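# Descriptive analysis of the structure
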Number of protein chains: 2
Amino acid sequence: MISFEKAYDIVISSEVLLQTENIELANVLGRVLAQDVHSDMNMPPFDKSAMDGFACREADLHMELEMIEVLAAGEIPKKKIETGECTKIMTGAMIPQGADCVIMVEDTEITAEGKIRYTKIERKNIEVCEACAPSSKKTNKNICFLGEDVKLGEEVLKKGVVLKPQHLPILASAGCANPLVYKKVSVGIIATGSELVEPHEKPGLSQIRNSNASQLVAQVMACGALPNYYGIAEDVEETTKNVLQKAVSENDLVLLTGGVSMGDFDFVPLIMKELGFEILFDSIAVQPGKPTTFAIKSGKFIFGLPGNPVSSFTQFELLTKPLIYKMMGHAYEPVHLKMPLEVGYSRKKADRMSWIPVSITKLGTILPADYHGSAHINSLASAHGFIAVPIGTKELNKGELIDVRQI
Amino acid sequence: MISFEKAYDIVISSEVLLQTENIELANVLGRVLAQDVHSDMNMPPFDKSAMDGFACREADLHMELEMIEVLAAGEIPKKKIETGECTKIMTGAMIPQGADCVIMVEDTEITAEGKIRYTKIERKNIEVCEACAPSSKKTNKNICFLGEDVKLGEEVLKKGVVLKPQHLPILASAGCANPLVYKKVSVGIIATGSELVEPHEKPGLSQIRNSNASQLVAQVMACGALPNYYGIAEDVEETTKNVLQKAVSENDLVLLTGGVSMGDFDFVPLIMKELGFEILFDSIAVQPGKPTTFAIKSGKFIFGLPGNPVSSFTQFELLTKPLIYKMMGHAYEPVHLKMPLEVGYSRKKADRMSWIPVSITKLGTILPADYHGSAHINSLASAHGFIAVPIGTKELNKGELIDVRQI
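Cut-offs applied
Residues numbered from 1 in each chain as written. Chains lettered and ligands numbered in written order. Predicted model: local features only at pLDDT ≥ 70, side-chain atom pairs only at ≥ 80, totals over all residues. Heavy atoms only, no water. Helix = DSSP H or I, 4+ residues; strand = E, 2+ residues; numbered from the N terminus. Buried < 20%, exposed > 50% of the residue type's maximum accessible area, 1.4 Å probe, protein only. Contact = heavy atoms within 4.5 Å. Areas by Shrake-Rupley, 256 points an atom, 1.4 Å probe, with all protein chains shown as cover. Lys, Arg positive; Asp, Glu negative; His and termini not counted. Charge placed at Lys NZ, Arg CZ, Asp CG, Glu CD. Pairing = 2+ DSSP bridges. Axes fitted to C-alpha atoms, helices over the stretch in contact; angles between N-to-C directions. Salt bridge = Lys/Arg side-chain N within 4 Å of Asp/Glu carboxyl O. Phe/Tyr/Trp six-rings, centres within 6.5 Å; stacked < 30°, edge-to-face > 60°. Expected span 1.5 Å × (residues − 1). Parallel < 35°, antiparallel > 145°, perpendicular 65-115°, else oblique. Left-handed = near helix turned anticlockwise from the far one by under 90°. Nonpolar A, V, L, I, M, F, W, Y, C, P; charged D, E, K, R; others polar.

## Focus: the overall build of chain A
- Looking only at helices and strands, chain A has 6 helices and 28 strands in total.
- Taking all 407 residues of chain A together, 57% fall into the buried category.
- Long-range contacts, defined here as pairs at least 24 residues apart, represent 68% of the contacts in chain A between residues at least 6 apart.
- When the accessible area of chain A is evaluated, it comes to approximately 16,600 Å², of which 52% is carbon and sulfur surface.
- When the 41 positive and 51 negative side-chain charges of chain A are each reduced to one mean point, those points stand 3 Å apart.

## Some words on the sheet that holds strand 21 (residues 300–305) of chain B
All names here are of chain B.
- With mixed pairing, 6 strands are arranged side by side in an open sheet as 16-13-17-21-20-18. Two strands bound the open sheet, and with one partner strand each, they are strand 16 (226–233) and strand 18 (278–281). Mean inter-strand twist for the sheet, computed between neighbouring axes without regard to direction, equals 20°.
- Where strand 20 (residues 293–297) meets strand 21, 5 bridges bridge the pair, whose relative direction is antiparallel. The partner of Phe294 across the bridge, within strand 21, is Phe303.
- Against the sheet, helix 6 (residues 309–327) contacts strand 13 (186–192), strand 17 (253–257), strand 18, strand 20 and strand 21, and its axis sits at roughly 170° relative to strand 21.

## Some details on the pattern of salt bridges
Residues and elements named next belong to chain A.
- Under the counting rule described, the total for this entry stands at 24 salt bridges over all chains.
- The salt bridge partner of Lys120 is Asp107, with a shortest N-O separation of 3.4 Å. Here the residue Lys120 occupies a position in the loop between strand 9 (116–118) and strand 10 (143–144), and Asp107 occupies one in the loop between strand 7 (101–104) and strand 8 (108–110), the gap between them amounting to 13 residues.
- By relative accessible area, Asp107 is classed as buried at 4%.

## Some thoughts on the sheet that holds strand 5 (residues 64–71) of chain B
Residue and element names in this part refer to chain B.
- The strand order across the open sheet built from 6 strands is 7-4-6-5-9-8, with neighbouring strands paired in mixed fashion. In the strand order of this sheet, the two ends are held by strand 7 (101–104) and strand 8 (108–110), each with one partner. Here the strands of the sheet are splayed against their neighbours by 40° on average, with no regard to which way each runs.
- Bridging between strand 5 and strand 9 (residues 116–118) involves 2 bridges; their strand directions are antiparallel. Each residue of the ladder has a partner; that of Glu64, found in strand 9, is Arg117.

## Brief notes about the environment of Lys164 of chain B
- Within the secondary structure, Lys164 of chain B is located in the loop between strand 11 (155–157) and helix 2 (168–173).
- Spatially, the C-alpha atom of Lys164 of chain B lies 16 Å from that of Ala174 of chain B, the residues being 10 residues apart in sequence.
- Those residues in contact with Lys164 of chain B, other than ones at most four positions away along the chain, are Ala381 and Ala383 of chain A together with Leu29 of chain B.

## What about the pairing of strand 28 (residues 401–406) of chain A?
Residues and elements named next belong to chain A.
- One ladder, built from 5 bridges, connects strand 22 (residues 336–340) with strand 28; its direction is antiparallel. Within the sheet, the bridge partner assigned to His336 lies in strand 28 and is Arg405.
- Sheet topology places strand 26 (residues 385–389) next to strand 28; 2 bridges connect them, and they run antiparallel. If you follow Phe386 over to strand 28, its bridge partner there is Arg405.

## A short note on the pairing of strand 7 of chain B
Residue and element names in this part refer to chain B.
- Burial along strand 7 is two-sided: the residues Cys101 and Ile103 and Val102 and Met104 are all buried.
- Where strand 4 (residues 53–56) lies against strand 7, 4 bridges are found, and the strand directions are antiparallel. What sits directly across from Ala55, in strand 7, is Val102.

## As for the packing of aromatic side chains
All names here are of chain A.
- Counted under the stated rule, the structure contains 14 aromatic pairs over all chains.
- Ring geometry for Phe4 and Tyr8: centres 6.5 Å apart, planes at 35°, overall tilted. Taken together, the positions of Phe4 and Tyr8, both in helix 1 (residues 4–12) and 4 residues apart, correspond to about one turn of that helix.
- What makes Phe4 buried here is its relative accessible area of 6%.
- Taken together, a centroid distance of 4.7 Å and an interplanar angle of 35° make the contact between Phe294 and Phe303 tilted.
- Judged by its relative accessible area of 0%, Phe303 is buried.

## Considerations on helix 4 (residues 237–250) of chain A
- The terminal C-alpha atoms of helix 4 of chain A, which comprises 14 residues, lie 20 Å apart, in line with the 20 Å expected from a rise of 1.5 Å per residue.
- Lining the buried residues of helix 4 of chain A we find strand 13 (186–192), strand 16 (226–233), strand 17 (253–257), helix 5 (268–274) and strand 21 (300–305) of chain A.

## Remarks on the environment of Pro203 of chain A
- Structurally, Pro203 of chain A can be placed in the loop between strand 14 (196–197) and strand 15 (208–209).
- Among residues more than four places away in sequence, those in contact with Pro203 of chain A are Val197, Ile208 and Arg209 of chain A together with Met41 of chain B.

## Some points on the packing of helix 3 (residues 212–222) of chain B against helix 6 of chain B
Residue and element names in this part refer to chain B.
- Orientation of helix 3 relative to helix 6, taken along the N-to-C sense of each, is 30°, at an axis distance of 11 Å. As summarised for this structure, helix 3 and helix 6 are arranged roughly parallel, according to the angle between their axes. Here helix 3 and helix 6 pass one another in a crossing that is right-handed. Residues Asn212, Gln215, Leu216, Gln219, Val220 and Ala222 of helix 3 pack against Pro309, Ser312, Phe313, Phe316, Glu317 and Tyr325 of helix 6.
- Partitioning the contact of helix 3 with helix 6 into residue classes produces 7 nonpolar, 4 polar and 1 charged.

On their own, these measurements won't tell you what the molecule is for.
Written out as structure tokens, the structure is:
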């Protein structure tokens, strides 16, 4: 039996084989960049109007201006602005030569002769639109200048970034329409246990439904990896060996649930060895999830997870998920928040580290999930995270600031 | 121009048409339950061993016990336990009649005569396994009793629950293999602007790349809804009208970007009216995103979002996302955290509410994103949330506790 910290170190220090592929922007959500991205152009690529208005010379603002052109976004100006002239310009359009500012439509009026008059001249400055780059030092006069946001060749995103919606405009603007990303990890999932039937079946007298596999499939999906479910393996050595061998050959990582405690039919560790895997640990001083087993063989991994769905959920979150992320180039760090306990917590034994599911209340406190009676299987349903109770600690006090690991 | 709070009220009070469907467990992640779920059986469905060990009578623990049967999980016991007898039993197997406790394998030894002796008898109690239901009052003696977790017919999940991996074991155990969930909302996305080309194209002299649409597609996907992208509509009234009409007929909600400010080619509001939509607002006292427009027509919705990707991202998060969630039966409440400002913040004008992207530092403080220069388009990339600066407030002080809305 090793400590949880040691088990985590072993898992996260494993050497992984990173694989990459180029994919379309529409599919990049949640993927990890495997390249630095440099812009293939200046942004903006030209001096651009930040608003709808009139492009003119600031020195002419006291004059009535003659409108010489109307410029939509996307059009190239045909005329140069001379003294006393202006061009009606739409947001995003190119500033014509000779103009050095844009005045807002709302700050102008049209004279009887059809000329444009700036109505805020008494303020002695240009009313600047805040919609675009509100506090940029360079953006004033309602012009976004060439290269003001990004210079040609500038690095805009670094390798290792986990792509969120807000990264898409950066990739798109930089011309990176097929970014190189890390491949999704494929994860085989096998449930073991002769007592199991699938959820759509009615269990017989001594049977229960397989509640673990669908949860693991969903956990793998939530990590952005690819689950492959191999069904229920009966507690027969040959059957289990065959399905594990197939799953290992077809996936980067295999998760087994059940079959790893001390029963006569728990031959999973034996099979792992027969398939050439080295078992790095088979017991952790942690609760829940003590019999969690981890085995490796040249870049492939197997986790033997407990059959209890609360235990397997927890150990997946704590150990499997960080490994899956590492295999996808993802420098995963769970969010940790310090929050006060809403109620005290105690336990009778303190020989293992306990991971307790907690919910975050509207008061900003944390509430350990109720493990009692019918709530047992529901204890994770409303959890926002876990707290760890270290070995040797039997009590946590109400109000104590505790580190919450968000899930 | 209306306040942000008023705009939010209008959006979130809209009447929506909820549609439901039955789907398989493998696809339920992120979907919202449209039914209460009741268990079709007791859980456990029989008195079940919580561990690998020997089922026997507590009164016999001082005796050497004869092993009369070996029970794997899934097997039905053939023999009844009488005084001086025990059955070797695996985790999850059914407790044989006559037994009232299970002793752990680790706490036993085999005598020379092949009998089983409990080695912890001096402690005068049964060493109870903590792996299963650790603090349950009823679970002791290492037996999980029939119906201890859930009773036949008991409600285990409520309508409205957003399904996470940890709900899957509950659905599976309850026999709810095809739960009724709300349908995904289909969201049409149209980019408007003659200056736009798609990210894989090289912009001409007065053009820029369409950086907004891919971001909106990803935001819609991140909500669990179905994006349908209709491409770039040039700033020609007939073109825009045709594509909007098509998108409206094929989707529950349509997002347009651009075309909603005050330029000569911003005829989107006019087209909305021509298609029979009622515009509920077209200007919000908020920054960024002032020209955000919202229109409805008998259960269908259109958002006109600004062309600037920072503005459209923000208003999508603040207004569109809550509506999409409502349309999928999802009682969405963004997570709010109170955290201290790492640095002071100030702005020149306070006539609109500002939403500022912030990152959460490792110190547990919040840092407003840098809006300056080249960081402009990157300001959201590292953001963990937004803070709101109310109308009338020009400054926030370093250390001040601020409400952070997580994204």
